[in-house]
Amino acid sequence: MMPRYFFNVHLGKDVLGDPEGRELRDADQAWEAARAMAQSLLGTEFPQPINWAACHIEVKDETGGIVLEFPILEALQVTRDAD
C-alpha cells in the first residue's frame, strides 16, 4: 500500500486543509503533485488579489509530520527552468 500525503494550502493567514489526501509513491511524487497544484493555483482567478509570496503548500504524511513545504512562487521558477 502506498503512503498517503495531505496537501494543505496556506494562503497568507488562511489554511485550506486537505482532509482526504492522496496516495502517492514517495516524497518525490508528493513534490511533483505540490508543484502541479501550485501551478494550477497561479492560473486560477480569485475574487481578491493574492500575495503569492506569502503562500505555500504544506505536505504532511499520515502521521501528521511535515514532509515538505512548497512555496507557491517556486512553481514559476520551476516552469521557467523547464522551458
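See above for the structure.
Notes on the structure follow. Please read all numbers here as calculations on a predicted model, not as lab measurements. (Residues numbered from 1 in each chain as written. Predicted model: local features only at pLDDT ≥ 70, side-chain atom pairs only at ≥ 80, totals over all residues. Heavy atoms only, no water.)

1. Quick notes on the overall build of the chain
Turning to step 1, where the next piece is worked out: Assigned secondary structure in the chain consists of two helices and five strands.
Turning to step 2, where the next piece is worked out: Shown N-terminal to C-terminal, the secondary structure of the chain runs as helices and strands in the order β-β-β-α-β-β-α.
Turning to step 3, where the next piece is worked out: Relative to the globule expectation of 12 Å for 83 residues, the C-alpha radius of gyration of the chain, 13 Å, shows essentially globular dimensions.
Turning to step 4, where the next piece is worked out: Across its three principal directions, the C-alpha atoms of the chain cover 40 × 30 × 15 Å.
Turning to step 5, where the next piece is worked out: Burial status across the chain gives 30% buried among its 83 residues.
Turning to step 6, where the next piece is worked out: When the accessible surface of the chain is totalled, it reaches about 5,500 Å², and 50% of it is carbon and sulfur.
Turning to step 7, where the next piece is worked out: Separation between the mean location of the 7 positive side-chain charges and that of the 15 negative ones in the chain comes to 1 Å. (Helix = DSSP H or I, 4+ residues; strand = E, 2+ residues; numbered from the N terminus. Rg over C-alpha atoms; globule rule 2.2 N^0.38 Å. Buried < 20%, exposed > 50% of the residue type's maximum accessible area, 1.4 Å probe, protein only. Areas by Shrake-Rupley, 256 points an atom, 1.4 Å probe, with all protein chains shown as cover. Lys, Arg positive; Asp, Glu negative; His and termini not counted. Charge placed at Lys NZ, Arg CZ, Asp CG, Glu CD.)

2. Observations regarding the packing of aromatic side chains
Turning to step 1, where the next piece is worked out: The full count for this structure, using the stated rule, is two aromatic pairs.
Turning to step 2, where the next piece is worked out: Ring centres 5.5 Å apart and planes at 65° place the aromatic pair tryptophan 31 and phenylalanine 70 in the edge-to-face group. Here the residue tryptophan 31 occupies a position in helix H1 (residues 27–42), and phenylalanine 70 occupies one in strand S5 (residues 66–71), the gap between them amounting to 39 residues.
Turning to step 3, where the next piece is worked out: Take phenylalanine 70: its relative accessible area is 1%, and that puts it in the buried class. (Phe/Tyr/Trp six-rings, centres within 6.5 Å; stacked < 30°, edge-to-face > 60°.)

3. Examining the pairing of strand S4 (residues 55–60)
Turning to step 1, where the next piece is worked out: The pairing of strand S1 (residues 4–11) with S4 spans six bridges and is antiparallel. Bridging across to S4, leucine 11 finds its partner in cysteine 55.
Turning to step 2, where the next piece is worked out: Here S4 pairs with S5 via five bridges, running antiparallel. Bridging across to S5, glutamate 58 finds its partner in glutamate 69. (Pairing = 2+ DSSP bridges.)

4. Focus on the environment of tyrosine 5
Turning to step 1, where the next piece is worked out: Mapped onto the secondary structure, tyrosine 5 falls in strand S1.
Turning to step 2, where the next piece is worked out: Residue classification places tyrosine 5 among the buried positions, given a relative accessible area of 7%.
Turning to step 3, where the next piece is worked out: Separated by 60 residues in the primary sequence, tyrosine 5 and glycine 65 place their C-alpha atoms 9.9 Å from one another.
Turning to step 4, where the next piece is worked out: Beyond its immediate stretch of four places on either side in the chain, tyrosine 5 contacts Asp18, Gly21, Arg22, Leu24, Asp26, Ala27, Ala30, Val59, Lys60, Asp61 and Val67.
Turning to step 5, where the next piece is worked out: Of note is the side chain of tyrosine 5, whose polar atom sits 3.3 Å from the backbone nitrogen of alanine 27. (Contact = heavy atoms within 4.5 Å. Polar contact = N/O pair within 3.5 Å; in protein donor to acceptor, adjacent residues only side chain to side chain.)

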